[in-house]
Amino acid sequence: MGSSTITETQNAPLSLQGANIFNGDSSLANATNAVFDWPSFEFAPIRESEVSRAMTSRYFKDLDKYAESDIVIVGAGSAGLSCAYVLATARPDLKIAIIEANVAVGGGCFLGGQLFSAMVLRKPADEFIKELGIDYDDEGNFIVIKHAALFITTLSSKVLALPNVKLFNATCVEDLITRTAASGDVNVAGVVTNWTLVSMHHDDQSCMDPNTINAKVVISCTGHDGPMGAFCVKRLAAQGLLKRNRMGCLDMNRAEDAIVRGTREVFPGLVCAGMELSECDSSNRMGPTFGAMVLSGVHAAEVALKVYER
Ligand code: 48N
């Protein structure tokens, strides 16, 4: 191919396959020049507004579609994304919205612990890792994935590829929607959201009202207590609707069993999974091992479906 300018007239899709560009062999220079004539390189022309419309039209279509979601998952850490993977795969008919306060997904799961990259999961959590097709070292009672980021990026890429899932990141759940029956019984019926940067500055900027997402079930996986963590437990406790306990000290064996076993509907319409549960049950923390997060997410998916079908 002579010039590397990709114009509308060329209809042959750009293919680098034949050029072995990615196998690092010495013909790389020839291969890339066969496709890209760098000195005269040009992209196809575009107008800035086309980019803006490409992003905003899709975003607002998604906001409209997921304003009524079947299930909302709060928190895209290891528990929330594991839950989303199981739920959205098992029930492609359900609309699942994931609300993540950070720009990036992953929560505490981009490192294995402190600044160490390898990630430990105790068996039988290896069953889930096999399902994701991630390589690991088998150490007998536990497995080690060479980098925690490999786990969370593989999991998140699979979740985001599912057609019935929408991730709203950089978006914070700053309150819950509830319904109160004539009997006085209260149940959770969705979430109240805002841009995270706005939620962080309600005290020092003129009030900016939130947005809402209605849903039959909310699954809260917002992690440890923290500026935004353990959100739904703290919000219901603040209203006296749920008893708040504090996370216990570290005991790896007790902690992981308790979190997986304790994954449940902690309040009508609200399922809780992952480390947020420790703020409900005062279960111990487990430190740098993630099997309980993964399997709590799996367990939460099953519990949420029962609540949804009720
Ligand atoms: O990773 P986390 O914090 O939470 P989990 O429960 O998925 O995993 C916990 C795990 O990483 C550990 O803490 C490990 C096992 N350590 C244990 C120990 O003993 O130290 O993910 C929670 C996600 C984060 O991405 C937050 O940004 C997000 O939830 N989040 C929220 N998103 C939206 N709205 C909110 N209000 C909110 N609060 C937190």
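No experiment lies behind these values; they were computed from the predicted model shown. (Residues numbered from 1 in each chain as written. Predicted model: local features only at pLDDT ≥ 70, side-chain atom pairs only at ≥ 80, totals over all residues. Heavy atoms only, no water.)

**Considerations on the overall build of the protein chain**
Moving on, step 1. Across its full length, the protein chain carries 10 helices and 13 strands.
Moving on, step 2. Put simply, the protein chain has 310 residues, and 44% of those count as buried.
Moving on, step 3. In the protein chain, 70% of the contacts between residues at least 6 apart in sequence involve partners at least 24 apart.
Moving on, step 4. Just so you have it, the protein chain exposes about 16,100 Å², and 56% of that area is on carbon and sulfur atoms. (Helix = DSSP H or I, 4+ residues; strand = E, 2+ residues; numbered from the N terminus. Buried < 20%, exposed > 50% of the residue type's maximum accessible area, 1.4 Å probe, protein only. Contact = heavy atoms within 4.5 Å. Areas by Shrake-Rupley, 256 points an atom, 1.4 Å probe, with all protein chains shown as cover.)

**Quick notes on the nonpolar core**
Moving on, step 1. Among the nonpolar cores identified, the biggest contains 78 residues, and Ile-71, Ile-73, Phe-151 and Ile-219 are the most heavily contacted of them.
Moving on, step 2. For this core, the element with the highest residue contribution is helix 10 (residues 291-309), accounting for 11 residues.
Moving on, step 3. Excluding anything up to four places from it in sequence, Ile-73 contacts Gly-80, Cys-83, Ala-84, Leu-87, Ile-96, Ala-97, Ile-98, Ile-99, Ile-219 and Cys-221. (Core = buried A, V, L, I, M, F, W, Y, C linked by side-chain atoms within 4.5 Å.)

**Describing the site of the ligand**
Moving on, step 1. Contacts to the ligand come from 29 residues, most closely from Glu-100, Gly-108, Met-228, Arg-285 and Gly-287.
Moving on, step 2. Val-173 has a polar backbone atom sitting 3.0 Å from a nitrogen atom of the ligand.
Moving on, step 3. Separating an oxygen atom of the ligand from a backbone N or O atom of Met-286 is a distance of 3.2 Å.
Moving on, step 4. Coverage of the ligand by the protein amounts to 92% of the 800 Å² it exposes when considered alone.
Moving on, step 5. Where the shell around the ligand is concerned, the elements lending two or more residues are helix 3 (78-90), strand 2 (96-100) and strand 7 (171-180).
Moving on, step 6. Among the elements that make up the shell around the ligand, the one with the highest residue count is strand 7 (3 residues).
Moving on, step 7. Grouping the constituent residues of the shell around the ligand by class yields 13 nonpolar, 14 polar and 2 charged. (Near = heavy atom within 4 Å. Polar contact = N/O pair within 3.5 Å; in protein donor to acceptor, adjacent residues only side chain to side chain. Nonpolar A, V, L, I, M, F, W, Y, C, P; charged D, E, K, R; others polar.)

**Describing the UniProt feature "modified residue: 2,3-didehydroalanine (Cys)" (unreviewed entry) in the protein chain**
Moving on, step 1. The positions UniProt marks with the feature "modified residue: 2,3-didehydroalanine (Cys)" (unreviewed entry) are Cys-207.
Moving on, step 2. Relative accessible area serves as the criterion here: at 62%, Cys-207 is assigned to the exposed category. (UniProt positions renumbered as here; feature names shortened; annotations may be inferred.)

**As for the pattern of salt bridges**
Moving on, step 1. Summed over the entire model, instances satisfying the criterion amount to 14 salt bridges.
Moving on, step 2. Among the ionic pairs, Arg-122 bridges to Glu-256, the shortest N-O distance being 3.0 Å. Linking Arg-122 in strand 3 (residues 119-122) with Glu-256 in helix 8 (residues 252-262), this pair joins segments that are 134 residues apart in sequence.
Moving on, step 3. Judged by relative accessible area, which is 22%, Arg-122 ranks as partly exposed.
Moving on, step 4. We classify Glu-256 as buried; its relative accessible area is 4%.
Moving on, step 5. Each of Asp-225, Lys-234, Arg-244, Arg-246 and Glu-279 takes part in salt bridges that share partners, so that together they form one network. (Salt bridge = Lys/Arg side-chain N within 4 Å of Asp/Glu carboxyl O.)

**What to know about unusual backbone geometry**
Moving on, step 1. Residue Pro-124 is bonded to the preceding Lys-123 through a cis peptide linkage, with omega at 15°.
Moving on, step 2. By the secondary structure assignment, Pro-124 is in the loop between strand 3 and helix 4 (126-132).
Moving on, step 3. Here Gln-114, not a glycine, exhibits a phi torsion of approximately 50°, which is positive.
Moving on, step 4. Positionally, Gln-114 belongs in the loop between strand 2 and strand 3.

**A short note on the side chain of Arg-91**
Moving on, step 1. Within the secondary structure layout, Arg-91 lies in the loop between helix 3 and strand 2.
Moving on, step 2. On the basis of relative accessibility, which here comes to 18%, the residue Arg-91 falls in the buried class.
Moving on, step 3. Within the structure, the side chain of Arg-91 is placed 2.4 Å from the side chain of Glu-309, a separation counted as a polar contact.
Moving on, step 4. When near neighbours in sequence (up to four residues on either side) are disregarded, Arg-91 contacts Asn-164, Leu-305, Tyr-308 and Glu-309.

**A closer look at the packing of aromatic side chains**
Moving on, step 1. Within the structure shown, the criterion is met by 7 aromatic pairs.
Moving on, step 2. For the ring pair Tyr-59 and Phe-168, a centre distance of 5.9 Å and an interplane angle of 90° mean the geometry is edge-to-face. With a gap of 109 residues between them, Tyr-59 in helix 2 (residues 48-66) and Phe-168 in strand 6 (residues 165-169) connect regions that are remote in the sequence.
Moving on, step 3. Summarising the aromatic geometry, the rings of Tyr-85 and Phe-128 are spaced 5.7 Å apart at their centres and angled 90° between planes, so their arrangement reads as edge-to-face. Note that Tyr-85 is positioned in helix 3 and Phe-128 in helix 4, a separation of 43 residues in sequence.
Moving on, step 4. On the basis of relative accessible area, Phe-128 is assigned to the buried category, the value being 7%.
Moving on, step 5. Taken together, Tyr-59, Phe-60, Tyr-66, Phe-168 and Trp-195 form an aromatic cluster joined through their ring pairs. (Phe/Tyr/Trp six-rings, centres within 6.5 Å; stacked < 30°, edge-to-face > 60°.)

**A short note on the environment of Leu-115**
Moving on, step 1. In this structure, Leu-115 sits in the loop between strand 2 and strand 3.
Moving on, step 2. For Leu-115, a relative accessible area of 71% puts it in the exposed group.
Moving on, step 3. Once the C-alpha coordinates of Leu-115 and Lys-146 are considered, the two residues, 31 residues apart in sequence, prove to be 13 Å apart.

**Quick word on the sheet that holds strand 3**
Moving on, step 1. Here we have 3 strands laid out as an open sheet, ordered 3-5-4, and antiparallel in their pairing. Only two strands of the sheet have a single neighbouring strand rather than two, namely strand 3 and strand 4 (137-138).
Moving on, step 2. In terms of strand pairing, strand 4 meets strand 5 (residues 142-145) through 2 bridges, oriented antiparallel. Within strand 5, the residue paired with Asp-138 across the bridge is Ile-143. (Pairing = 2+ DSSP bridges.)

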